[in-house]
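The residues making up each chain are set out below.
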Amino acid sequence: MKIKLFTLLAFVFSIAIHGQNVNVTGTVTEASTGQPLPGVNVLLKDTSRGVSTDFDGNFTFNDVPLNSVLVISYLGFVSQEVTITNNQPINIALQEDTESLNEVVVIGYGTQKKKEITGAVSVVSSETIETLKPTRIEQALQGQVAGVNIVSNSGSPGASSTISIRGISTNGDNRPLILVDGTVVEDLSVINPNDIESVNVLKDATAGIYGVRAANGVILITTKSGRKEMPLTIEYNAYGGVQETTRKLPMLNATEYALLLNEAFAANGESLPFPDVSSLGQGTDWQDQVFQNAPIFSNALTLKGGGKESTYAFGSSFLTQDGIVGGNKAKFTRLTKRLSYGLDFLENFKLNSGITWTHTVRRTLPETGIGSVLFNALNMAPTIRPNEAAENLGFEVVNPNKQIDNTYNRGLVDKINGNINLSYNFLENFTAQASYQFNYAQTTGRTFSPIVDYGIQGTVDKVFDIERNQVVESRNYFRDYTFDAFIKYENSFNDAHNLNVLLGTSVFKTTGNFTGSVGFEIPDNYVGNATIENSTGVQNIVPFESTFDSRLLSYFARLQYDYKGKYLLSAVVRRDGSSNFGPQNKFGIFPSGSIGWIASEEAFLEDSSLINFLKFRASYGILGNDRIGSFRFVSLLTGEGAYVFDDVLTFGTTPGAIANPQIKWEKQKTFDVGLDVRFWDNRFDLTVDYFKRRTEDLLVSPPVSGILGAAAPGSGSPFINAGIVENKGFEFAIGYTEELSDNFKMNLKYNLTMLDNNVISVSSSGDFIPGGAFGIGQDPPARMEAGQPIGYFRGFRTNGIFQNQAQIDNSPVLNNNTQPGDLIFVDINGDGVINDDDRTNIGDPIPDATMGLNLTFDYKNFDFGAYAFASVGNDIVRNYERNLPRTNRTVQYLNRWTGEGTSNTFPRVTTGATNNTLFSDFYVEDGSFVRLQNVQIGYSISPETAEKWGIHKLRLYVSASNLVTLTEYSGYDPTASTGEAIGGGIDYGFYPNPRTYLIGMNLKF
């Protein structure tokens, strides 16, 4: 009886509790910063009742039934559900939803939800950039985005990189269009990576909305900004560390060097240069002389916030980086200031604006090729002491220590870029928008060359000896602006049809002018006196006014349509006009389009337990390219002429580069088909693309006869439309995210790009275009030729070493210089003669595949990240050896041929003439590599500790960049290249990318 009574009372009490309503109060904050979030929706689940948070992130929701569920949601954040069991205040911290399909992605002249994009678009978030800590933003793209390849032009501080998207499509300018908040940026060194919110890469025909400048793809960079009703947030990021070389080449020591020279001189019947080698020992390690550990420091401060109708952000940063070669003689510093401001004048009238100022100072040493510091360090004899002259080593090789001491190069860049954007909404569905973006840059340079004698004192025995000091000063100005105006119509019909139409126009103008002077007789041969004002015999190094002026006028239209969010269509047409072409060819019309089908929205997949999202997409378009010099369709008086008047030699002007009135647009036809899949509760994210890019009517500058005057000062070959280049391949990217517990989360991403590059034709007559350089006085080693990859290496193929005279007598040889111990050149055409017809494809600088692997995980307050990148199938030409009798060599020459059967890989050594220095596959190596680009471990203090300290976040970390590179290439760095389409992949002694160790902090309050 008691049990029944207790059960009845409990039942009545539970009914009373369940039927009770309470008033709920709470606060919603952003998990990463602890800042309150205004405007967050708080809804009673399965009803239309709800409230929003105020300016301080607080809300009050009255009359909420107990045991009901509140849904807290905010755009760009992961929604949360909270069950109300009492009337106690609740605190909710929302996490950013960076992987959400509803994430808004920046596209041309607007934004679009990620799930609705019909083109090949990749996104790199600020979290990735923050983890990598790059000094230049392109370093954060390598290995992160399938289809994007970054080639470092040098590892020296402030050096640029070459970016290519989906292969090399032209022998000219392959750079993608880069926009920072809508402003065109040519040099990414002026951007502070800490200011970047996201990077979007448009890789296919969707880039067509940007027209002529987008033929090689588009990189859209969005900087950090405040939000409306956001309290002032301050972020401070700082790091410091040290850099070192990743590799030193194994060179001969003094004893090995002397023995090898004795052998070489004896082979040619000459007296031995080192009769006694017993006391030489190790000698001077010239790489130890020039390499050093170098510091790097960075500080960045960001303030952002917003009022009820406004947003603002301010950023300031300072970076300083010494070189691992030359220290502060190769130093780079960068100071940036950035300000953005947005204001809603009226409910339908908005302003957004921003301005950035960048000041960089870069000191440089000679690098890459003959005369560079590393070239001299590798070729200097180890028997010479650190302070001695480089005697008897040839005209070009000098003491690198003395070279560093006597090099004074400094370049300054001051750049201002800004934008202002006005938008006005009218008639409910229309938006009119106008924007103006501008860039202004002033570059100044000063080089002082003191009197110096690098060889035998009192004689001019080195090409770098200077008998008369001089100072060279230059000052250049660059200006450009872009004006865009468009009207957009957006509407939905019958809850099924969604339409977006855009009509607009764009105007672009860029100008520049160059000035420079050289002066002599600097007082006291002292760098402190090295100015034009202190010099004599001043000359203008620009004999005539040097300017450029290029303009574009464009009209464009875009239609975007979807039916029930499942069937997607986008079509673009753009009419571009360029001042680089004559009146008959000035304008071109370039259409593009893309379609998509979100199959997961269909009934047959709607309730799938495996597939959460599935989208098929395809795109095709024609894009134009005009990246050549201005006004090359007419003859300009830009050449330098010499005339005789009254027996007096007078300098003046003549027609410059040879004109071609018929040049027209280079056209790129690009096709892409792909799919995006998410499955297994959104743990896996898969993207697959097949692409094909065919570039026709290439704008090339072919070799022409010297009698046409193309070699005259200020002249050049004409541009013509000739050639077809095709790139095709696959992209594959997969990501895996798992939350194993409340304390452990992990993320794994892998991407692969496979690429096939082929030159279909160069001209109707089957010509070729040469490029690059090898050795001294040899033919260019690279070519653009039909049936081959662009820039392939052409030379002799070898088949071992001649072991005896009988083998030579029974084989075709190049000439009578051939002796046992020399390289065997293959008779490719089988005619019994070795000549130029036997040169063939012996290497390809373009990788067959590139891939990236990224791993991150969080455990409690610790976080870990590791990023790796690989390149497979690319070849590199070893071209940093001078091959003179007394220059040093690598230890590989210890495996040289010294008699029959001793070696079949490395030829004999001699001071006499041989064919072994001719360009052949002996100098071509496999450049494939795997590089661990970054490893980072961080620790964040707990929210409770942060609250006690009065801050929102404090994270401390250590990281290592360029930690390990696995490669069979024997040079310094397999990732360095000139980036040229024809001539890339030739190692002239590139400055290696440094290994960097950092300690840093991220502070938010």
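That block above? That's the structure.
Summarised in this report is the structure supplied together with it. It should be emphasised that the depicted structure is a prediction, and the values quoted were computed from it without experimental measurement.

Scanning the protein from terminus to terminus reveals 9 helices and 52 strands. Its C-alpha atoms give the protein a radius of gyration of 33 Å, near enough to 30 Å, the size a compact globule of 1005 residues would have. Dimensions of the protein along its principal axes, counting C-alpha atoms only, are 120 × 70 × 65 Å. Burial statistics for the protein: of 1005 residues in total, 52% are counted as buried. In the protein, once contacts between residues fewer than 6 apart in sequence are set aside, the share between residues at least 24 apart is 70%. When the accessible surface of the protein is summed, it comes to about 44200 Å², and 55% of that surface belongs to carbon and sulfur atoms. Distance between charge centroids for the protein: 5 Å, based on 78 positive and 105 negative side chains.

Moving on to the sheet that holds strand β3 (residues 50–52). Here 4 strands make up an open sheet; going across it, the order is β3-β2-β5-β6 and the pairing antiparallel. Strands at the two margins of the open sheet, each flanked by one partner only, are β3 and β6 (80–83). Looking at each pair of strands side by side, their axes are set apart by 20 degrees on average, direction ignored. As paired elements, strand β5 (residues 69–73) and β6 share 4 bridges and run antiparallel to each other. Residue V69 lies in a different strand from β6, and its bridge partner there is T83.

Another aspect to go through is the sheet that holds strand β41 (residues 792–795). Overall, antiparallel pairing links the 4 strands, which are arranged β39-β40-β41-β44 in an open sheet. Of all strands in the sheet, those bounded by a partner on one side alone are β39 (769–771) and β44 (840–843). Each adjacent strand pair in this sheet contributes to an overall mean axis angle of 50 degrees, direction not counted. Pairing geometry for β41 and β44, over 3 bridges, is antiparallel. Considered in β44, the bridge of G795 is made with T840.

What follows concerns the pattern of salt bridges. Enumeration according to the criterion identifies 36 salt bridges in this entry. D836 is the salt-bridge partner of R839, the closest N and O atoms lying 2.7 Å from each other. Put simply, D863 and R955 hold a salt bridge, and the shortest N to O gap is 2.7 Å. Remark: R955 occurs in strand β50 (residues 953–967) and D863 occurs in strand β46 (residues 862–872); sequence separation between them is 92 residues. A residue is classified by how much of its surface remains accessible, and D863, at 16% relative accessible area, is buried. Taken together, the salt bridges that share partners define one network made up of R166, K203, K615, R617, D672, D676, D689 and E731.

This paragraph deals with the packing of aromatic side chains. Taken as a whole and assessed by the stated rule, the structure comprises 36 aromatic pairs. For the pair F426 and F430, a centre-to-centre distance of 5.5 Å together with 20 degrees between the ring planes defines the contact as stacked. Taking the relative accessible area as the measure of exposure, F426 reaches 26% and is therefore partly exposed. The class of F430 is partly exposed, set by a relative accessible area of 28%. Geometrically, the ring pair formed by W597 and F616 is stacked, given 5.7 Å between the ring centres and 25 degrees between the ring planes. Highlighted residues: W597 in strand β29 (residues 587–598) and F616 in strand β30 (residues 611–625), separated in sequence by 19 residues. For W597, a relative accessible area of 31% translates into the label partly exposed. A residue is classified by how much of its surface remains accessible, and F616, at 35% relative accessible area, is partly exposed. The rings of F345, F349, Y424, F426, F430 and Y489 are connected pair by pair, giving a single aromatic cluster. One cation-aromatic arrangement involves K329 over Y408; the distance from NZ or CZ to the ring centre is 4.4 Å.

A few words now on helix α3 (residues 254–267). Taking 1.5 Å of rise per residue, the 14 residues of α3 would be expected to cover 20 Å, and the 20 Å separating its terminal C-alpha atoms lies within 8% of that figure. Inspection of α3 places A254, Y257, A258, L260, L261, N262, A264 and F265 among the buried residues, and these make up the whole buried set. Phi turns positive one or two residues past the end of α3, at G269, with a value near 75 degrees.

To continue, consider the nonpolar core. Ranked by size, the top nonpolar core spans 74 residues in total, and within it V290, V325, L393, M784, I790 and F793 carry the most contacts. Looking at this core, the elements with two or more residues in it are α3, α4 (286–290), α5 (373–379), β38 (744–761), β40 (782–784), β43 (823–825) and β47 (875–878). For this core, the element with the highest residue contribution is α3, accounting for 6 residues. Those residues in contact with I790, other than ones at most four positions away along the chain, are I168, T170, N171, V725, N757, V759, R783, M784, I846, A981 and I982. One finds I150, V180, L188 and V201 within the second-largest nonpolar core, a separate group that totals 20 residues.

Okay, the pairing of strand β25 (residues 497–520) next. As judged from the 24 bridges shared by strand β24 (residues 470–493) and β25, these two strands associate in the antiparallel manner. Bridging from a neighbouring strand, D484 pairs with S506 of β25. Between β24 and β25, which follow one another and run antiparallel, lie 3 residues, and N494 among them has a positive phi close to 55 degrees. Bridge analysis of β25 against strand β27 (residues 546–563) gives 18 bridges, and the strand direction is antiparallel. Across the sheet, L502 pairs through a bridge with R558, a residue of β27. Inspection of the sheet shows β25 paired to strand β26 (residues 536–540) by 3 bridges, in the antiparallel sense. Paired with V518 across the bridge in β26 is Q539.

Cut-off values and rules
In this numbering scheme, every chain counts its residues from 1 along its sequence in written order. Confidence filtering applies because this is a predicted model: local features only for residues at pLDDT of at least 70, side-chain atom pairs given and counted only at 80 or more, and all residues used for totals across whole chains, interfaces and linings. The basis for the side-chain values is all heavy atoms of the structure; hydrogens and waters are excluded. Put simply, DSSP marks the helices as runs of H or I at least four residues long and the strands as runs of E at least two long, and each gets a number from the N terminus on. The quantity called the radius of gyration is restricted to C-alpha atoms. Its globule counterpart is 2.2 Å times the number of residues to the power 0.38. Per-residue accessibility, obtained with a 1.4 Å probe over protein chains only, is compared with the maximum for each type, and a residue is labelled buried under 20%, exposed over 50%, and partly exposed between these values. We call two residues in contact whenever any of their non-hydrogen atoms come within 4.5 Å of each other. Per-residue and other accessible areas follow the Shrake-Rupley method at a 1.4 Å probe size, with only the shown protein chains counted as cover for residues. Charge counting treats Lys and Arg as positive and Asp and Glu as negative, with His and both chain ends excluded. To locate a charge, the coordinates of NZ of Lys, CZ of Arg, CG of Asp or CD of Glu are taken. Any two strands with at least two DSSP-identified bridges between them are counted as paired. Comment: axis = line fitted to C-alpha atoms, over the contacting stretch for helices; angle = value between 0 and 180 degrees taken between N-to-C directions. We count a salt bridge whenever a side-chain nitrogen from Lys or Arg sits within 4 Å of a carboxyl oxygen from Asp or Glu. Two rings from Phe, Tyr or Trp (for Trp, the six-membered ring) form a pair when their centres sit within 6.5 Å of each other. Planes less than 30 degrees apart are called stacked, planes more than 60 degrees apart edge-to-face, and all others tilted. A ring has a charge above it when a Lys NZ or an Arg CZ is no more than 6 Å from the ring centre and no more than 35 degrees off the ring normal. To estimate the expected span of a helix, count its residues, drop one, and scale the result by 1.5 Å. For the purposes of this section, nonpolar cores are sets of buried Ala, Val, Leu, Ile, Met, Phe, Trp, Tyr and Cys residues that join through side-chain atoms within 4.5 Å.

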